[in-house]
Amino acid sequence: GANGKESAQRSLDEAIAAKGYARFVRKLYEDNFLDGHDPNLSGPIIASAMALPEQVCRSLFHSMIAYDAEQLVPALRGCAVPVLALQSTVFGPERVRRPLGQGDASPYLDFVRANCPHAQTEIIAGVGHFAQLEAPHEVNARIDAFLAAL
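Right, let's walk through the structure included here. These numbers were taken from a predicted model, which means no experiment stands behind them.

1. Notes on the overall build of the protein
When helices and strands are counted, the protein shows eight helices and four strands. Reading the protein from its N terminus to its C terminus gives the helix and strand order α-α-α-α-α-β-β-β-α-β-α-α. In terms of principal-axis extent, the alpha carbons of the protein reach across some 45 × 40 × 25 Å. Out of the 150 residues belonging to the protein, those deemed buried represent 33%. Partitioning the intrachain contacts of the protein with sequence separation of at least 6 by distance along the chain shows that 64% fall at a separation of at least 24.

Encoded structure:
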């Protein structure tokens, strides 16, 4: 709701103020990749994020927070078409991103299933947040299989 949205937006602004914009964004995007990742893949993504003007980036983050707080649940509950949700990482209680393994629990996938019971949810194991870039063949195979079953 509105209180959660405002609190999350305030927390974001405080984190940016505490670390400085450039340091905050660099760490945020670096943490989306697992140790041992290909720097040729992460480098351009991090550089692209760093090139965004601060006001544009803040506006995008605030918009994502607002969407999650105000529109995500109604969107999932109102979805009448087949849905495939793929996830590769999760934040632990210490707010550190970790990879998911097959069969792992995921609060996000549980949330999707609770609000869109017909959704098919799957884990892409062993890669960072950008699964579509780090494991494109596996992601595409999952999408192809999902579409073929329709």
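2. Some words on the state of the cysteines
Applying the stated rule across the entire model yields zero disulfides. Sulfur of cysteine 79: no disulfide; nearest cysteine sulfur belongs to cysteine 116 and is 4.8 Å away. By relative accessible area, cysteine 79 is classed as partly exposed at 24%.

3. Regarding the packing of aromatic side chains
Enumeration over the complete set of coordinates arrives at two aromatic pairs. Geometrically, the ring pair formed by phenylalanine 33 and phenylalanine 130 is tilted, given 5.3 Å between the ring centres and 35° between the ring planes. Of this pair, phenylalanine 33 sits in the loop between helix 2 (21-30) and helix 3 (39-51) while phenylalanine 130 sits in the loop between strand 4 (120-123) and helix 7 (131-134), placing them 97 residues apart in sequence. Note on accessibility: phenylalanine 33 and phenylalanine 130 belong to one class, buried. The ring centre of phenylalanine 91 lies 4.4 Å from the NZ or CZ of arginine 97, which sits over that ring.

4. A closer look at the nonpolar core
Soluble globular proteins tend to bury their nonpolar side chains together. Membership of the largest hydrophobic core comes to 14 residues, with the highest contact counts inside it found for Leu12, Phe24, Val25 and Tyr29. No other element matches the four residues that helix 2 contributes to this core. For tyrosine 29, the residues in contact, after removing those within four places along its chain, are Ile45, Ile46, Ala49 and Phe130. Counting residues in hydrophobic clusters, the runner-up holds eleven residues, among them Ala85, Leu100, Val112 and Ala119.

5. Let's talk about the environment of glycine 78
In this structure, glycine 78 sits in the loop between helix 5 (72-77) and strand 1 (84-87). Classification of glycine 78 as exposed rests on a relative accessible area of 55%. Taking C-alpha positions, glycine 78 is 8.0 Å from cysteine 116, a pair spaced 38 residues apart along the chain.

Reading the values: rules and limits
- Residues numbered from 1 in each chain as written.
- Predicted model: local features only at pLDDT ≥ 70, side-chain atom pairs only at ≥ 80, totals over all residues.
- Heavy atoms only, no water.
- Helix = DSSP H or I, 4+ residues; strand = E, 2+ residues; numbered from the N terminus.
- Buried < 20%, exposed > 50% of the residue type's maximum accessible area, 1.4 Å probe, protein only.
- Contact = heavy atoms within 4.5 Å.
- Disulfide = S-S within 2.5 Å.
- Phe/Tyr/Trp six-rings, centres within 6.5 Å; stacked < 30°, edge-to-face > 60°.
- Lys NZ or Arg CZ within 6 Å of the ring centre and 35° of its normal.
- Core = buried A, V, L, I, M, F, W, Y, C linked by side-chain atoms within 4.5 Å.

Just geometry here; none of it tells us what the structure is for.
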